[in-house]
Amino acid sequence: MLYVVGLGLGDERGVTVRGLDAVRRCARVYMEAHTALLALAVDDHPSSRLAKLEKLYGKEVVIVAGREMVDGEDRSDRILREATGADVAFLVIGHPFGSDEPSGKTTHTDLVLRAKKLRVGVKVIDSASVLNAVGACGLQLHRYGEAITVPFFTETCKRDHFYQAIVNNRWLGLHTLCLLDIHVKGPVSEYLCRGNKAYEPPRFMTVNTAISQLLEVLEMRGEPEPAYDEDSLCIGVARLGSDDEKIVAGPMGKLIDLDFGPPPHCLVIVGETTLVEEEMLEFYMIK
């Protein structure tokens with residue numbers, strides 16, 4: 001059996017009891033590290049984060065499944081081969097499919113599809129994700145439109161494909177959840193050219209960078225009636241689900257200068273609000 005287990009948010013305790021029971025039964029445990037890093041405490045060394053997991057799960061070793069293992073040339077063959085003869089757990093930050101894009105299959109969906117084609121039993125164990133935990137900011141979940149991802153801009157690539165989704169959501173009066181880019185174990189091109197493998201440290205986009213890039217998109221597009229501007233009401237969220245989570249609402253132009261602390265961060269562009277939502281937002285409004 002292949003168990004795909006959501007770890008939830010915050011720290012190692014975000015996993016459900018059902019998920020914990022399944023992991024403890026498994027002969028081998030992998031932790032996905034391609035789409036996100038576990039926010040046990042991002043300042044910790046990765047080995048200390050793993051140590052916390054291993055202690056909780058009662059396992060001597062939790063194997064980090066990076067890009068090469070999950071969607072490299074072998075395309076998870078190692079994990080699936082082991083699951084044909086034993087129980088194997090594949091741990092995912094947040095919800096098992098919380099990071100999958102609606103436009104097509106991604107890493108976790110592909111793993112499940114391949115397992116089913118090989119007649120490997122699959123059991124998905126749900127957990128919290130940013131897609132539902134964001135309700136803590138006071139906006140009603142059924143009033144959100146399409147979620148977007150804001151990618152890191154580079155000198156040569158400034159993608160603004162997400163802009164139309166914001167336009168559509170605003171036209172419908174819906175809120176927009178902006179998931180912020182994470183670069184995990186990205187290869188350094190200079191070393192790849194030499195035939196060596198070297199990796200950059202992980203980078204987490206902040207609320208400040210996201211707002212800066214969103215405003216830059218407006219300058220690039222130069223539309224007469226933009227979907228948002230510096231006065232648009234937004235909510236900056238940091239470390240959602242953690243004991244020290246931070247939620248602050250205010251105009252884009254004011255949130256851009258606020259220190260939200262360590263990652264992970266996300267951003268909400270507020271649409272039309274109900275009276276109850278407005279009352280909740282008052283508790284988080286920037287002073």
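From a predicted model like this one, the values you see are computed outputs, not experimental measurements. (Residues numbered from 1 in each chain as written. Predicted model: local features only at pLDDT ≥ 70, side-chain atom pairs only at ≥ 80, totals over all residues. Heavy atoms only, no water.)

What follows is about the UniProt feature "binding site: S-adenosyl-L-methionine" (unreviewed entry) in the protein. As annotated by UniProt and renumbered to match this structure, "binding site: S-adenosyl-L-methionine" (unreviewed entry) occupies L9, G98, S129, V130, L180, L240 and H265. Tracing the chain through its elements places L9 in the loop between β1 (2-6) and α1 (17-25). In this structure L9 touches G14, G94, A128, S129, V130, A133, L240 and G241, once residues within four positions along its chain are discounted. Here L240 lies in the loop between β10 (233-238) and β11 (246-251). You can call L240 buried: its relative accessible area is 10%. (UniProt positions renumbered as here; feature names shortened; annotations may be inferred. Helix = DSSP H or I, 4+ residues; strand = E, 2+ residues; numbered from the N terminus. Contact = heavy atoms within 4.5 Å. Buried < 20%, exposed > 50% of the residue type's maximum accessible area, 1.4 Å probe, protein only.)

As a further point, take the pairing of β10. Of all six residues that make up β10, five are buried, and the element is covered over most of its length. Across six bridges, the pairing between β10 and β11 is antiparallel. Each bridged residue has a counterpart across the sheet, and for C234 the counterpart in β11 is G250. (Pairing = 2+ DSSP bridges.)

Right, let's talk about the packing of aromatic side chains for a bit. With the rule as written, the count across this model stands at one aromatic pair. In this structure, K246 packs its charged tip against the face of F260, placed 5.9 Å from the ring centre. (Phe/Tyr/Trp six-rings, centres within 6.5 Å; stacked < 30°, edge-to-face > 60°. Lys NZ or Arg CZ within 6 Å of the ring centre and 35° of its normal.)

Now for a nonpolar patch on the surface. A contiguous nonpolar patch, built from V276, M280 and F283 and spanning about 320 Å² of accessible area, is present on the exposed surface. Examined against the element boundaries, V276 turns out to sit in helix α11 (residues 275-284). (Patch = residues over 30% accessible without salt bridge, like charges linked within 9 Å, V, L, I, M, F, W, Y side chains within 5 Å. Areas by Shrake-Rupley, 256 points an atom, 1.4 Å probe, with all protein chains shown as cover. Salt bridge = Lys/Arg side-chain N within 4 Å of Asp/Glu carboxyl O.)

This part is about α1. Note that an α-helix has 3.6 residues per turn; residues three or four places apart therefore point the same way. Those residues of α1 not exposed but buried are G19, L20, A22 and V23. Buried residues of α1 fall within an arc of 165° about the axis and therefore sit on the same side. Pointing more than 90 degrees away from the buried face of α1 are the exposed residues V17 and R25. (Arc of directions from axis to C-beta.)

We now examine the side chain of S127. Note that S127 resides in the loop between β5 (122-125) and α6 (130-133). Since its relative accessible area comes to 9%, S127 is described here as buried. A distance of 3.1 Å separates the side chain of S127 from the backbone nitrogen of G8, its partner in a polar contact. From its side chain, S127 meets the backbone oxygen of G14 in a polar contact 3.4 Å long. When residues no more than four places from it in sequence are discounted, the contact partners of S127 are G6, L7, G8, G14, T16, G94, H95 and P96. (Polar contact = N/O pair within 3.5 Å; in protein donor to acceptor, adjacent residues only side chain to side chain.)

It is worth spelling out the sheet that holds strand β2 (residues 28-32) at this point. Taking strand neighbours across the sheet as the criterion, the five strands line up as β3-β2-β4-β1-β5 in an open arrangement whose pairing is parallel. Looking at strand neighbours, the two that pair on one side only are β3 (63-65) and β5, the edges of this open sheet. On average, each strand axis in the sheet is tilted by 25° relative to the strand beside it, whichever way the strands run. Here β2 runs beside β3; their pairing, made up of three bridges, is parallel. Its bridge partner lying in β3, Y30 is registered against I63. (Axes fitted to C-alpha atoms, helices over the stretch in contact; angles between N-to-C directions.)

Another aspect to go through is the confidence of the model for the protein. Chain-level statistics for the protein give a pLDDT mean of 84 and a share of 81% at 70 or above. Throughout residues 188-192 the model reports pLDDT below 50, and contacts reaching past four residues in sequence, or to other chains, amount to six contacts. (pLDDT = per-residue confidence, 0-100.)

For the rest of this paragraph, the subject is helix α9 (residues 207-221). With 15 residues, α9 ought to run about 21 Å at 1.5 Å a step, and its terminal C-alpha atoms sit 21 Å apart, in line with that. Buried residues belonging to α9 abut β6 (148-150), α7 (163-171), β7 (176-180), β10, α10 (252-255) and β12 (265-269). Positive backbone phi, at 60°, marks G222, one or two positions downstream of α9. (Expected span 1.5 Å × (residues − 1).)

Moving on: a negative patch on the surface. Together, E219, D229, E230 and D231 give the surface a local cluster of negative charge. Locating D229 in the fold gives a position in the loop between α9 and β10. Residue classification places D229 among the partly exposed residues on the basis of a relative accessible area of 34%. (Lys, Arg positive; Asp, Glu negative; His and termini not counted. Charge placed at Lys NZ, Arg CZ, Asp CG, Glu CD.)

By the element assignment, N168 lies in helix α7. Sequence separation between N168 and G145 is 23 residues; the distance between their C-alpha atoms is 8.3 Å.

The five strands are arranged β6-β7-β12-β10-β11 in an open sheet whose pairing can be described as mixed. Each edge of the sheet is formed by a strand with only one pairing partner; in this case those strands are β6 and β11. Within this sheet the neighbouring strands show an average axis-to-axis angle of 25°, counted without direction. Of the strands in this sheet, β6, β7, β10 and β12 are in contact with α9, which crosses β12 at around 45°.

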